[in-house]
Amino acid sequence: MRVQLAFGLMLAAGLVAVAHQARAAEAPAHVAALRGSAVLRARLGNGLRVVIVRDTLAPTVTTQMTYLAGGYETPAGFPGTAHALEHMMFRDSKGLTGAQLNEITGKMGGDNNAFTTNDATQFSFVAPAAYLDLALRIEAGRMRGALLSDKDWRLEKGAIEQEVSGDISDPGFLAFEQAEHLLYAGTGYAEDPLGTRPSFDKTTPKTLRRFYDNWYRPNNAIYVIVGDVDPQATLADVKALFASIPARPTPSRKPVILRPVKAQTISRTTPAGIGTVQFLYRMPGLESRDNAAAQVLLDVLNNPRSALAELAAQGKVLSADAGLQPFMRGGIGIVEVGFAKGSDPQKARARLDRVVGTLLESGVSPDLVEAAKRSERAQFEFNKNSATSVASAWSQALAWQGLDSPEAAERQIQRVTTSDVDRVARKYLRQSGRVTVVLTPDPDGERPPNSSGFGGSESFAGDDKLDVALPDWAAKALGRLEMPHWTLDPTQMKLENGITLIVQPETVSKTVTVVGHVDHDAGLQEPKGQEGVGRLLASLFDYGTVTLDRSAFHKALDAIAASESGGDDFSLAVPSTDFDRGMELLADNELHPALPEQAFAIQRQVLARALAGELESPQYRMLRALRRGLLPAGDPHLREATPATVDALTLSDVRGYVADTYRPDLTTIVVVGDVSPEQAKATVTRYFGAWRAHGPKPDVIAPKVPLNNAGYTVVPNPYASQDQVLMGQMLDVDLHNPDRYALELGNDVLGGNGFASRLMQDIRVRHGYAYDARSGMQFDRSRSTFYVEYGSDPGRVAPTDALVLANIKAMQQTPVNDGELTNARQYQIRSIPVEVASVGRIARSLLTWSYLGEPLDQPMVAAKAYLDLTAQQVQHAFQRYLQPQHLVQVVQGPAPGQH
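This is a predicted model, so every value here is computed, not measured.

Peer 1: Would you take a moment to explain the packing of aromatic side chains for this structure?
Peer 2: To describe a pair of aromatic rings, you give the distance between the ring centres and the angle between the ring planes. Throughout the structure, instances matching the rule amount to 17 aromatic pairs. Here Tyr67 and Tyr216 contribute two aromatic rings whose centre-to-centre distance is 4.1 Å and whose plane-to-plane angle is 15°, an arrangement assigned as stacked. Of this pair, Tyr67 sits in strand S5 (residues 60–67) while Tyr216 sits in the loop between helix H7 (205–215) and strand S8 (221–227), and the two are 149 residues apart along the sequence. Exposure remark for Tyr67: the relative accessible area of 0% places this residue in the buried category. Geometrically, the ring pair formed by Phe90 and Phe123 is tilted, given 6.1 Å between the ring centres and 45° between the ring planes. Within this pair, whereas Phe90 is found in the loop between helix H1 (81–88) and helix H2 (98–107), its partner Phe123 is found in strand S7 (residues 121–128), the two being separated by 33 residues in sequence. Assigned by exposure class, Phe90 and Phe123 land together as buried. Taken together, Tyr67, Phe90, Phe123, Tyr212 and Tyr216 form an aromatic cluster joined through their ring pairs. Taking NZ or CZ as reference, Arg329 lies 4.4 Å from the ring centre of Tyr72, over its face.

Here is the structure:
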C-alpha cells in the first residue's frame with residue numbers, strides 16, 4: 001500500500017477520467033482483436049466498466065480495480081482521506097477479515113497491493129491464473145462491504161502514520177510538497193494525497209465512510225483483467241459477483257481554477273551525497289490535448305543526444321533528467337541536474353537555465369522528435385511482454401486519460417509534430433511560472449518539527465491471528481497443493497569461444513530482449529590501489545564505440561528504437577525486425593568501446609566528486625557498517641573506491657581492467673522474444689564469435705568466511721524521525737547446499753511472507769512497534785547471509801529487538817506448526833509462475849541461474865524439495881545455521897531510546 005508519487009507515462013499513475021454514471025441497461029460485451037490479443041470489453045448494468053485481455057505468456061493473471069477518486073476528491077482539511085481509505089480496504093469487510101485476506105494472498109502465491117494518487121486509487125492482484133476467482137471475490141466483497149470499524153481505524157491510523165513519517169523526513173519529498181502548494185494553490189492538487197498527522201488525527205470512521213459511500217461505486221470504477229484466462233467465462237464470473245452491487249451518482253468534481261504562479265526558489269539541505277537543482281513547472285493534464293506533445297518533449301529532453309544529457313556527458317553536472325508527476329487535469333514537470341557535495345549549486349542552476357532557455361529560443365530538434373515517436377511506438381509493443389504492463393496501459397488509457405484504449409494514446413503520440421512540441425515547451429516551461437528546488441548535501445540537518453513521534457504515540461497493535469479459518473470458497477480452492485505448470489523450455493548452447501547462449505522464444509510481442517553478464521568480482525579483480533576502476537569503466541560505455549562516437553552511436557540506436565547498455569551486465573531491447581542491427585551495435589559497444597581520453601577525464605572527475613558525498617551519506621555508512629561487521633578484516637569485499645583511488649586511475653588502468661576481466665568464457669547471453677534459437681545463435685556468433693579469451697581464467701568466486709562476531713553500530717541521521725534497523729549474520733551454507741530449502745521455508749514462516757509471517761504478526765499486529773518488519777536470506781556460491789530489517793521510533797528499537805530474537809529462538813526451539821509449514825509451501829510453490837511472468841523476468845532468471853551454476857528449471861527443483869521437507873528439518877536447519885548471539889546490528893537515525 002503506498003501513495004504513488006512519480007511514474008512514467010506507460011504505468012498506471014495519478015490520472016483520472018470523469019466517472020461514467022450507470023446506464024439503464026447493461027451494454028453488450030464487445031470483443032476486439034488488438035494486435036494479436038483477444039480483448040473483451042463490457043459495461044455492466046450498474047456502470048462498472050470491464051476490460052479482459054487474454055495473455056498466454058505465463059499461467060498468471062493481473063487484476064486492477066481503479067476507483068476514480070484520489071487526493072483531489074478529499075474533503076477540505078482532510079488531504080489523506082483517500083490514502084487512509086486505501087489502507088482500510090485491506091482490513092475487515094463483510095465475510096472476510098483482514099487476516100484472512102492476507103492469508104489467502106500468501107497461500108495462492110500472489111501479491112496484492114494498492115496506490116493512491118491525486119486523481120485515483122487502484123487495487124491490484126498478481127497471482128496464478130487458477131486463483132482468479134479468489135481475486136474477483138475479494139474485490140467484489142470490499143467494493144461495498146468494507147466495515148471501516150472504529151477498531152480497524154484505530155489500528156490502521158498508527159500504521160499509516162508510521163508510513164507517512166518516512167516521507168516527511170525526506171527533504172526531497174517536503175520540497176516537492178511545497179512546490180505542489182505553490183503551483184496548484186486553491187485547487188485539489190495543492191495538497192499531496194499522502195496526508196498529514198493533523199488530518200489523520202481529525203479523521204474518523206465516519207469521515208472514511210462518507211468518502212467510501214460517495215466514490216467507491218461500480219459506476220465510478222474500471223476493472224481490468226489480463227492473463228491466461230477465458231475472457232467470456234471471466235466476464236460471466238464478473239457479472240455474477242458485481243452486477244448486483246448498486247450504482248449511485250458521484251458528487252460533482254470541483255473545477256481546476258489555476259492562479260498565476262510567481263517564480264520562487266525552495267532551498268533545503270539533504271543527507272544525500274549528491275545535491276540537485278530542480279525546475280518544476282505546471283504541465284498539461286493527461287486528458288489535455290497537449291499531453292501527447294508534452295510526453296514527446298520529455299522524451300526529447302531525456303534522449304542521450306539532447307543538450308540536457310550532454311551536460312552530464314561533458315561533466316558539467318553529475319546527472320541530468322526530466323520527468324513528470326501527472327494529474328488528470330494538470331501535472332508537474334521536473335527538469336533536474338545533480339551537483340557534487342561542496343560545489344556551487346548556482347553554477348548547476350545556470351547551466352540548466354541555459355539548456356532550457358536555448359530550447360525555448362531555438363526549438364527542439366525534429367530528429368529527436370521523430371526518435372521519441374519511434375521509441376514510444378516500440379514501447380507500446382514492449383508493454384505486451386508483461387500482463388501487468390498490459391493491464392496498466394489499459395487502466396491508464398481508460399481511467400486516467402479518458403481514452404478508448406492504449407492504441408488511442410499511441411495514436412495521439414504519433415500525430416505530434418515538431419511545432420506541437422515547440423508550442424507546448426514555450427507554453428509550459430516559462431521561467432516566470434517556475435518553482436526552483438535546490439537540495440544541498442549537508443550531514444548536519446534536522447528533522448521536521450511535525451515528524452516527531454509519528455507512529456510512536458499511536459498504538460496500531462491488534463489481535464489478528466495467523467492460520468485463521470478461511471471462508472469455504474477460499475479453503476476449497478486452496479486446499480490441494482500441486483506442482484505448478486512450468487512453461488519455460490530454453491535452448492542452451494556453448495559457442496566456440498566459450499560464451500554460454502540461452503534462447504527462450506516467446507511470441508507475445510514483436511520484440512527481442514537480450515541480457516548478458518560477464519562473471520566477475522571487483523573485490524577480487526580490481527588491482528590494489530585501483531579501487532573504483534570497474535565503476536569508472538561502466539560510465540564510459542555511453543560514449544560509443546571505436547567506429548561510432550557518442551552521438552553517432554545513440555543516433556544508430558534511435559534509428560531502430562532500441563535501448564542498450566554495455567558493461568559487465570549488458571542488455572538490449574529491440575523490435576524483432578531490427579534484432580540483427582541491434583546485436584551488431586551491442587557487440588560493437590561491448591567489445592570495442594571507444595574509451596575516449598576526454599570522456600575518461602570527465603568521468604573520473606565526476607566519480608571522484610560523487611564519491612566524496614556518497615561515502616559520507618547515512619545510507620552508505622549504514623551498509624558499510626554492516627559489511628564490516630559481517631566480514632573479517634582484509635576481506636576483498638571490504639575494499640571501497642574513494643576520491644583518492646579514483647583520482648589516481650589512468651586510462652591505461654581502465655583498458656587493462658577490460659582486457660583482464662571481460663572474457664567470452666565467463667560470459668552468458670540470454671535472448672528472449674520473437675526469435676528462434678537458430679537465428680539467435682547465428683546472430684550472436686556473427687557479432688560476438690570473434691571475441692577470444694587470453695590467459696588463464698581468473699577465479700571470480702570469493703573465498704568462504706567464518707561466522708562473524710556480534711556487533712552494534714549507530715549511524716546518526718539528523719534528518720530522520722525514525723530508526724532504520726538492519727540485523728545480519730553470515731550463514732555457513734552456499735547456493736548448492738540442499739539445506740537452503742529448509743532455511744527458505746523457515747524464513748517464510750519467520751519474516752519472509754508479509755502478514756502471514758511471525759515477525760509482522762508479533763511486531764506490527766500484536767505490539768504495534770513498527771509498520772513493517774521482515775527477514776530474508778541471500779544465498780550465493782560461497783557466501784550467504786541472513787538479515788532482518790524494520791523501521792520504528794527510537795523508543796521502540798529495544799523492545800522490537802527483543803521480539804526479533806525471541807522469534808528466531810522460537811524457530812530453533814519448537815518445530816513450526818503444520819499450518820505455518822503449509823502456508824510456506826503454498827506460497828513458495830504457487831508463486832513460481834508469478835516469478836517468471838514477464839519477458840524481463842524470464843530473461844533475468846535464466847541469466848542468473850546459468851552463471852550461478854543452477855539448472856534452468858531451478859524453481860521446480862526447489863518446489864520438489866519444499867514438498868518433501870518436514871517441520872523438524874526446518875527446525876534443525878535453523879538450529880544449525882542461525883546464531884542469534886552473533887547478529888550484527890546497525891541503526892540509522894536518532895540514537896535508540898530517544899523519544
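Peer 1: Got a minute to help me understand the sheet that holds strand S14 (residues 491–494) in this structure?
Peer 2: Across a sheet, strands are paired by hydrogen bonds formed along the backbone, either parallel or antiparallel in direction. The sheet built from 6 strands is open, its strands ordered S14-S15-S19-S16-S18-S17 with mixed pairing. Of all the strands in the sheet, just S14 and strand S17 (563–565) have a single pairing partner and so form its edges. Direction aside, the axes of adjacent strands within the sheet are offset by 15° on average. In the sheet, strand S16 (residues 511–518) pairs with strand S19 (residues 667–673) via 7 bridges, with the strands oriented antiparallel. Among the inter-strand pairings, His517 is bridged to a residue of S19, identified as Thr668.

Peer 1: In this structure, what is going on with helix H8 (residues 231–242)? I would like to understand it.
Peer 2: Because the α-helix completes a turn every 3.6 residues, residues three or four places apart line up on one side. Taking 1.5 Å per residue, 12 residues should reach 16 Å; H8 reaches 16 Å between its end C-alpha atoms and fits that length. A side-chain oxygen of the first residue of H8 lies 3.1 Å from the backbone nitrogen of Gln232; this N-cap is Asp230.

Peer 1: Looking at this structure, I do not really get the layout of surface pockets. What am I missing?
Peer 2: Left-over empty space is what a probe sized like a water molecule reveals as it rolls over the atoms. Taken as a whole, the largest pocket holds about 440 Å³ of empty space. Partitioned by chemical class, the residues of the lining of the largest pocket number 10 nonpolar, 9 polar and 6 charged.

Peer 1: Help me understand the side chain of Asp801, please; the structure alone is not making it clear to me.
Peer 2: Along the chain, the position of Asp801 falls in helix H28 (residues 797–813). Buried charge without a salt bridge: Asp801, with Lys809 as the nearest opposite-charge side chain at an N-O distance of 12 Å.

Peer 1: Can you walk me through the packing of helix H9 (residues 291–302) against helix H15 (residues 418–428) in this structure?
Peer 2: To characterise two packed helices, one gives the angle between the axes of the helices and the distance between these axes. Across the interface, H9 lies against H15 with an axial gap of 9 Å and an inter-helix angle of 90°. On the basis of the axis angle, H9 is roughly perpendicular to H15. The residues of H15 that touch H9, namely those facing Ala293, Ala294, Val296 and Leu297, are Asp420, Val421, Val424 and Ala425.

Peer 1: Which parts of the structure should I look at to understand the nonpolar core?
Peer 2: Nonpolar side chains in soluble globular proteins generally cluster together in the buried interior. If you look at the biggest cluster of nonpolar residues, it comprises 60 residues, and the most contacted ones within it are Leu743, Phe786 and Leu882. If sequence neighbours within four positions are ignored, Leu743 has contacts with Val733, Met777, Phe779, Ala877, Phe878, Tyr881 and Leu882. Counting 59 residues, the second-largest nonpolar core is a separate cluster that includes Leu44, Ile52, Trp153 and Leu194.

Peer 1: When you look at the sheet that holds strand S12 (residues 330–340) in this model, what are you seeing that I'm missing?
Peer 2: Strand order in this open sheet of 5 strands is S9-S13-S10-S12-S11, and the pairing throughout is mixed. Taken across any chain shown, the strands that pair with only one partner, and hence form the sheet edges, are strand S9 (264–270) and strand S11 (319–327). Direction aside, neighbouring strands of the sheet carry axes that sit 20° apart on average. For S9 and strand S13 (residues 435–441), the ladder comprises 7 bridges, and the chain directions are parallel. Across the sheet, the residue bridging to Thr265 is Thr436, located in S13. Contacts from helix H5 (residues 171–183) reach S9, strand S10 (274–282), S11, S12 and S13, with the element oriented near 165° to S9.

Peer 1: Hey, could you run me through the pattern of salt bridges in this one?
Peer 2: Any two side chains of opposite charge can pair, on the condition that their charged atoms come close. Tallying each qualifying case throughout the model produces 39 salt bridges. A salt bridge links Arg305 to Asp367; the shortest N-O distance between them is 2.7 Å. Taken together, the residues Arg305 in the loop between H9 and helix H10 (307–313) and Asp367 in helix H12 (residues 366–382) connect sequence positions 62 residues apart. Glu854 is the salt-bridge partner of Arg740, the closest N and O atoms lying 2.8 Å from each other. Of this pair, Arg740 sits in helix H26 (residues 739–752) while Glu854 sits in the loop between helix H31 (839–851) and helix H32 (858–868), and the two are 114 residues apart along the sequence. On the basis of relative accessibility, which here comes to 11%, the residue Glu854 falls in the buried class. In this structure, a network of salt bridges that share partners links the residues Arg91, Glu156 and Arg764.

Peer 1: Teacher, can you tell me more about helix H19 (residues 550–559) here?
Peer 2: Looking only at H19, the buried set comprises Arg550, Phe553, His554, Ala556, Leu557 and Asp558. Packed against the buried residues of H19 are H10, H12, S17 and helix H20 (579–591). Following H19 by one or two positions, Ala561 adopts a phi angle in the positive range, close to 55°.

Peer 1: So what exactly am I meant to see when it comes to the pairing of S10 here?
Peer 2: Regular strands place side chains that alternate from one sheet face to the opposite one. Within S10, 8 of the 9 residues are buried, which leaves the element mostly enclosed by the surrounding structure. Pairing geometry for S10 and S12, over 9 bridges, is antiparallel. From the neighbouring strand, Gln278 faces S12, where its bridge partner is Glu336. Pairing analysis gives 5 bridges linking S10 to S13, with the strands arranged antiparallel. Bridge assignment links Gln278 to a residue of S13, and that residue is Val437.

Peer 1: Explanation requested: the environment of Asp868 in the structure shown.
Peer 2: Among the structural elements, Asp868 can be located in helix H32. A residue is classified by how much of its surface remains accessible, and Asp868, at 62% relative accessible area, is exposed. Taking the C-alpha atoms as reference, Asp868 lies 9.8 Å from Arg825; in sequence the two are 43 residues apart.

Peer 1: Sorry if this is basic, but what is going on with the environment of Lys151 here?
Peer 2: Position of Lys151 among the secondary structure elements: in helix H4 (residues 150–168). Distance from Lys151 to Pro205, taken between C-alpha atoms, is 9.3 Å for residues 54 residues apart in sequence.

Peer 1: Looking at this structure, how should I read unusual backbone geometry?
Peer 2: Generally, phi is negative for residues other than glycine and the peptide bonds are trans, each holding for most cases. Even without glycine at this site, Leu148 takes up a positive phi of about 50°. Exposure remark for Leu148: the relative accessible area of 6% places this residue in the buried category. The residue Leu595 is not glycine, and still its phi comes out positive at about 50°. Of note, Leu595 is situated in the loop between H20 and helix H21 (597–614). On the basis of relative accessibility, which here comes to 4%, the residue Leu595 falls in the buried class.

Peer 1: Just checking my understanding: could you explain the pairing of strand S6 (residues 111–116) for this structure?
Peer 2: Sheet topology places S6 next to S7; 6 bridges connect them, and they run antiparallel. Bridge assignment links Phe115 to a residue of S7, and that residue is Gln122. The loop that links S6 with its antiparallel partner S7 comprises 4 residues.

Peer 1: Can you walk me through the environment of Ala350 in this structure?
Peer 2: Position of Ala350 among the secondary structure elements: in helix H11 (residues 345–362). Overall, the relative accessible area of 29% leaves Ala350 in the partly exposed class. Distance from Ala350 to Val277, taken between C-alpha atoms, is 9.9 Å for residues 73 residues apart in sequence.

Peer 1: Before we go on, may I ask you to explain the packing of helix H18 (residues 533–540) against helix H24 (residues 651–661) in this structure?
Peer 2: The contact between H18 and H24 brings their axes to 10 Å, and the two run at 90°. One way to sum up the angle between H18 and H24 is to call them roughly perpendicular. In this structure, H18 contributes Val533, Gly534, Leu536, Leu537 and Leu540 to the contact, and H24 contributes Asp653, Val654, Tyr657 and Val658. Looking at the contact of H18 with H24 residue by residue, the classes come out as 7 nonpolar, 1 polar and 1 charged.

What counts and what doesn't
- Residues numbered from 1 in each chain as written.
- Predicted model: local features only at pLDDT ≥ 70, side-chain atom pairs only at ≥ 80, totals over all residues.
- Heavy atoms only, no water.
- Phe/Tyr/Trp six-rings, centres within 6.5 Å; stacked < 30°, edge-to-face > 60°.
- Helix = DSSP H or I, 4+ residues; strand = E, 2+ residues; numbered from the N terminus.
- Buried < 20%, exposed > 50% of the residue type's maximum accessible area, 1.4 Å probe, protein only.
- Lys NZ or Arg CZ within 6 Å of the ring centre and 35° of its normal.
- Pairing = 2+ DSSP bridges.
- Axes fitted to C-alpha atoms, helices over the stretch in contact; angles between N-to-C directions.
- Expected span 1.5 Å × (residues − 1).
- Polar contact = N/O pair within 3.5 Å; in protein donor to acceptor, adjacent residues only side chain to side chain.
- 1 Å grid on protein atoms, 1.4 Å probe; cavity = no way out; pocket = protein on both sides within 12 Å on 5 of 7 lines; lining within 4 Å.
- Points joined across faces, edges and corners; volume = space filled by probe spheres on them.
- Nonpolar A, V, L, I, M, F, W, Y, C, P; charged D, E, K, R; others polar.
- Lys, Arg positive; Asp, Glu negative; His and termini not counted.
- Salt bridge = Lys/Arg side-chain N within 4 Å of Asp/Glu carboxyl O.
- Parallel < 35°, antiparallel > 145°, perpendicular 65-115°, else oblique.
- Contact = heavy atoms within 4.5 Å.
- Core = buried A, V, L, I, M, F, W, Y, C linked by side-chain atoms within 4.5 Å.

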